[in-house]
Protein chains: 2
Amino acid sequence: MTAPLHEAHPTGAGRALPDTQQGMRRRNLARVMHTVSAEGPLSRAAVASRIGLTRAAVSTLVDELIRTGLLDELGPERPGRVGRPGSALAVSGHGPAGIGAEVGVDHLAVCAVDLRGEVRVRAVRQGANRGRAPEPVVAELTALIRQVVAEAGEEGLWPAGLAVAVPGLIARDAGTVVSAPNLGWHGTDLGALLPGDWPLSVDNEANFGGLAELWLGEGTPRDFLHVSAEIGIGAAVVVDGRLLRGNRGFAGELGHVPVWPEGPPCACGGRGCLEQYAGEEAVLRAAGLELGEDRVGLLAGRAAEGDEAVRRALRDAGTALGIALTGAVNLLDPEAVVLGGALSGLAPWLLPSLEAELARRTAGPACPVSVSRFGPEGPLLGAAHSVVRGVLDDPAAVAERG
Amino acid sequence: MTAPLHEAHPTGAGRALPDTQQGMRRRNLARVMHTVSAEGPLSRAAVASRIGLTRAAVSTLVDELIRTGLLDELGPERPGRVGRPGSALAVSGHGPAGIGAEVGVDHLAVCAVDLRGEVRVRAVRQGANRGRAPEPVVAELTALIRQVVAEAGEEGLWPAGLAVAVPGLIARDAGTVVSAPNLGWHGTDLGALLPGDWPLSVDNEANFGGLAELWLGEGTPRDFLHVSAEIGIGAAVVVDGRLLRGNRGFAGELGHVPVWPEGPPCACGGRGCLEQYAGEEAVLRAAGLELGEDRVGLLAGRAAEGDEAVRRALRDAGTALGIALTGAVNLLDPEAVVLGGALSGLAPWLLPSLEAELARRTAGPACPVSVSRFGPEGPLLGAAHSVVRGVLDDPAAVAERG
DNA sequence: ACTATTTCGTCATCGCCGTTTACAAATTAG
DNA sequence: CTAATTTGTAAACGGCGATGACGAAATAGT
């Protein structure tokens, strides 16, 4: 093919904001931050060559970022090459921090992450939240948050925002929990219950887990499916480095993909949904176990001991997951599937049947399936990092507030 | 919720090109073109208020676009309001045009679309292409293209690019047909067979059909699933106004989503794929008909006559489609599902069972299903318009060449 | 009919920002 | 110790949108 290829879905069209010189400046500040953040200590010249601007332009951008405390000048690099050594720049470990919080079925967790991406403070509170009213649970969470914020403050960090991961459906662009069956919450406006001191975002646990994988996973592609399961089975669909939320924000409801269309009825109104085969309750029932605390640990323990009923239950769950994922993979053609959340702990017993099913139903090479490094920590990390990313994406905004 | 909400998946990060003033200018030229194109004749002041720039800035942008022949000044508007009437601007009907081409199983089609979006020239050539070698088919297509280009030239249009719709899998960012089972083509490099005179793009028929729906459909949302079927069943997944292509460019293979996991074996290696229930061959077989020309017309005709076997076959296909779409809708949460291509002609008999199945398996309000206005013309229109969109997206580039 | 008001398009000026060019500083190569 | 290379900065330049003012062309009010 001699002629250049045309892109049929250009992105330039959907831009909403007017394109002015100030916007250009803001975007370039963001690109400097992202580059330094992603590629460690870097000289001005190195940044310039990476983002395609001149050294002079980068100098003024870096000056501004140093003035606002978002970048630190570490001093001259130890040279190995010819020429004057550059002055290493690094993202500051002080200043704005992302506060992540998680409402789990069995615990509450909060952490503070600095711009470098390091977890600086964390606090966890064990205790079953299933069936408790939102108000006392959120009150406890607020106490934890205030504690973490205070400790972070002692280290020179101030909260740039708060992100809360919840196991349930969240209304898009609003902090309202539409439905969290694990907790028994419905139509709960978290924004009204949480402190309004900082910018707040609330999102599905699976989504934040997927974002953690995208931002922190090593070698994670920009197109993948991140599957995580508690009682429900959720997936984060990441396309071209962006999380797909869907029209109402309900995208990723893998748990209600039909697997055997005439299977057992499901709460959603359908029959034979994935959740009926690979959901926590279904697996426990198939394994002959009862509901209780630390159900994943129980399953993993029994499976490791060689309990045949448990192993068979997990094998069957893997098969059902494989069927549902075959559909998803055919529809989305992702570069990889990543198992996170509770699934990562059960992966050894799920993976064989899952991968077999996926391979059996795929013509060419099957989509690779891997296990998240973060396990149950993914959502919390993803939440905190979403705030950090927000700062990296618009450093000028934070400079105005800081 | 008092605090502003934070976006967890900012787009600013992935920008590849350096952000310079020339880029800003180019983007603003594009925004002017898009605005005028989308909202009909508009004065400079109206454009300015819409895109957020000042009248002065828009004036210079418009001057440049008029100089390069992309915009026309129609003269003073007839005023209904107080104040000096503006001078109406419209997209030019001369200059660059998009050439769309389609390789169908039973026909070849080519058309030329001007920047206003109007089809100015079209040419169709009936004749079965199934099983023919690529070379003679593409030679015929090339002749049609040259004919259309010549006729367009007489109207003052010159080709800004050529886009070809093919019923099959296309390698991403290359003009190679990986597999087109309807035609019997495999690994065919169309770029080498087609004239290299213009920028070329090749894509799946379903994708171009979905883009036509996105760009030309009235009231079509920016998030939807466009399903079309010939022998295979393909879907265009449109997310936030962008076509989702997937890692290898194979996204949207709805035909191989498992519907009944232990159903009849499929060429893909799986069992019970949607194609085994709603694919053209399967429906014809279930209806007791034989393969032949104009198979869709045959089915529609018999169904209209009241043939019970045909109606039952279509009803069952609708049910299978409904099951597969339930999975897709749960995964993507689109705003709508649109049936296009051959399906639009059969919609009266498919829709009832399809919608019933979708509603039965959905908890809240089911995702609305509609039928494309374009029918079998969608892919051709989408292809031609993709070239036009490319011009609107970067008018400066075309000015350099024109 | 005449004036005031409103809106449109344009022009000159200004400010912002990345580029270009030049140069001093700091290192390695020979 | 000199030449070559690379870094960071400063000054002049040029492109581009914003600002403010002004004439042109319509309506609204008297």
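Residues numbered from 1 in each chain as written. Chains lettered and ligands numbered in written order. Predicted model: local features only at pLDDT ≥ 70, side-chain atom pairs only at ≥ 80, totals over all residues. Heavy atoms only, no water.

1. Concerning the overall build of chain A
Scanning chain A for helices and strands turns up 13 helices and 15 strands. Compactness check: chain A gives a C-alpha radius of gyration of 23 Å against a globular reference of 21 Å for 402 residues, within 12% of the reference. The principal-axis extent of the C-alpha atoms belonging to chain A is close to 70 × 60 × 45 Å. When the 402 residues of chain A are sorted by exposure, 57% land in the buried category. Considering only intrachain contacts with a sequence separation of at least 6, the fraction spanning at least 24 residues in chain A is 61%. Accessible area for chain A stands at about 15,700 Å²; split by element, carbon and sulfur atoms hold 51% of it. Averaging the positions of the 36 positive and the 47 negative side-chain charges in chain A gives two centres separated by 5 Å. (Helix = DSSP H or I, 4+ residues; strand = E, 2+ residues; numbered from the N terminus. Rg over C-alpha atoms; globule rule 2.2 N^0.38 Å. Buried < 20%, exposed > 50% of the residue type's maximum accessible area, 1.4 Å probe, protein only. Contact = heavy atoms within 4.5 Å. Areas by Shrake-Rupley, 256 points an atom, 1.4 Å probe, with all protein chains shown as cover. Lys, Arg positive; Asp, Glu negative; His and termini not counted. Charge placed at Lys NZ, Arg CZ, Asp CG, Glu CD.)

2. Concerning the UniProt feature "domain: HTH marR-type" (unreviewed entry) in chain A
Here, UniProt's "domain: HTH marR-type" (unreviewed entry) annotation points to residues 30–81 of chain A. The annotated region residues 30–81 of chain A carries 58% helix and 12% strand content, and the separation between its end C-alpha atoms amounts to 29 Å. (UniProt positions renumbered as here; feature names shortened; annotations may be inferred.)

3. Topic: the pairing of strand β5 (residues 119–126) of chain A
All names here are of chain A. Pairing between strand β4 (residues 107–114) and β5: seven bridges, direction antiparallel. Opposite alanine 112, over in β5, you have valine 121 as the bridge partner. Counting the residues that bridge the hairpin from β4 to β5 gives four residues, and of these glycine 117 lies at a positive phi of roughly 95 degrees. (Pairing = 2+ DSSP bridges.)

4. Quick look at the relation of the copies chain A and chain B
Of the transformation superimposing chain A on chain B, the axial component is 0.0 Å and the angular component is 180 degrees, with the fit at an RMSD of 0.0 Å. In symmetry terms, the pair is related by a two-fold rotation axis. When each C-alpha of chain A is compared by its distance to the rotation axis, Trp260(A) comes out closest, at 3.1 Å. Comparing interface residues between copies, 99% of those in chain A also lie at the interface in chain B; the contact surface is shared. (Least-squares fit on C-alpha atoms with pLDDT ≥ 70 in both.)

5. So, the interface of chain A and chain B
Often, the extent of an interface is quoted as the loss of accessible area upon association of its parts. With 88 residues of chain A at the interface, the matching set in chain B holds 88 residues. Carbon and sulfur atoms supply 56% of the area that chain A and chain B bury against each other, a total of about 7,300 Å² over both sides. On inspection of chain A and its partner chain B, the count reaches ten salt bridges. The partner of Asp240(A) in a salt bridge is Arg242(B), with the nearest N and O atoms 3.3 Å apart. (Buried area = accessible area lost by both parts, 1.4 Å probe. Salt bridge = Lys/Arg side-chain N within 4 Å of Asp/Glu carboxyl O.)

6. Details of the sheet that holds strand β8 (residues 176–180) of chain A
Residues and elements named next belong to chain A. Across the sheet, three strands lie side by side as β7-β8-β9; this open sheet has antiparallel pairing. Strands at the two margins of the open sheet, each flanked by one partner only, are β7 (169–170) and β9 (185–189). Here β8 pairs with β9 via four bridges, running antiparallel. Paired with threonine 176 across the strands is aspartate 189, a residue of β9.

7. A short note on the pattern of salt bridges
Tallied over the full model, the rule gives 53 salt bridges over all chains. Notably, a salt bridge pairs Arg248(A) with Asp333(B), separated by 3.1 Å at the nearest N-O pair. Remark: Asp333(B) occurs in the loop between α10 (308–332) and β14 (336–341) and Arg248(A) occurs in the loop between β13 (242–244) and α7 (275–278); the pair is interchain, linking two chains. According to the relative accessible area criterion, Arg248(A) is partly exposed, its value standing at 36%. Linking Glu357(A) and Arg361(A) is a salt bridge whose minimum nitrogen-to-oxygen distance equals 2.9 Å. The residues Glu357(A) and Arg361(A) share a single accessibility class, namely buried. A single salt-bridge network, built from bridges that share partners, covers Glu262(A), Arg271(A), Glu357(B), Arg360(B) and Arg361(B).

8. Brief notes about the protein's contact with DNA strand C
Surrounding DNA strand C, one finds 28 residues, the nearest of these being Gln21(A), Arg25(A), Arg55(B), Ser59(B) and Ser87(B). Expressed as a percentage, the sugar and phosphate content of the atoms of DNA strand C within 4 Å of the protein is 65%. Within the backbone of Ala45(B), an N or O atom sits 2.8 Å from a phosphate oxygen of DNA strand C. Contacts to DNA strand C include Arg55(B), whose side-chain N or O atom sits 2.7 Å from a base oxygen. For the surface near DNA strand C, the secondary-structure elements that each account for two or more residues are α1 (21–38) and α3 (55–67) of chain A together with α2 (44–51) and α3 (55–67) of chain B. (Near = heavy atom within 4 Å. Polar contact = N/O pair within 3.5 Å; in protein donor to acceptor, adjacent residues only side chain to side chain.)

9. Comments concerning the packing of aromatic side chains
All names here are of chain A. Taken as a whole, this structure holds two aromatic pairs over all chains when the rule is applied. Ring plane angle 70 degrees and centroid distance 5.1 Å describe the contact between tryptophan 260 and tyrosine 277, whose orientation is recorded as edge-to-face. A residue pair is termed long-range when its members are at least 10 positions apart, and tryptophan 260 in the loop between β13 and α7 and tyrosine 277 in helix α7 qualify at 17 residues. By relative accessible area, tryptophan 260 is classed as partly exposed at 28%. (Phe/Tyr/Trp six-rings, centres within 6.5 Å; stacked < 30°, edge-to-face > 60°.)

10. A short note on the packing of helix α6 (residues 205–216) of chain B against helix α12 (residues 378–393) of chain B
Relative placement of two packed helices is described by the angle separating their axes and the distance separating the axes. Residue and element names in this part refer to chain B. Packing of α6 against α12 leaves a shortest axis separation of 7 Å and a crossing angle of 70 degrees. Taken together, the axes of α6 and α12 lie roughly perpendicular to each other. For α6 against α12, the interelement crossing comes out left-handed. Here Glu205, Phe208, Gly209, Ala212, Trp215 and Leu216 of α6 come into contact with α12, specifically with Gly378, Pro379, Leu381, Gly382, Ala383, His385, Ser386 and Arg389. Of the residues in the contact of α6 with α12, the class split is seven nonpolar, five polar and two charged. (Axes fitted to C-alpha atoms, helices over the stretch in contact; angles between N-to-C directions. Parallel < 35°, antiparallel > 145°, perpendicular 65-115°, else oblique. Left-handed = near helix turned anticlockwise from the far one by under 90°. Nonpolar A, V, L, I, M, F, W, Y, C, P; charged D, E, K, R; others polar.)

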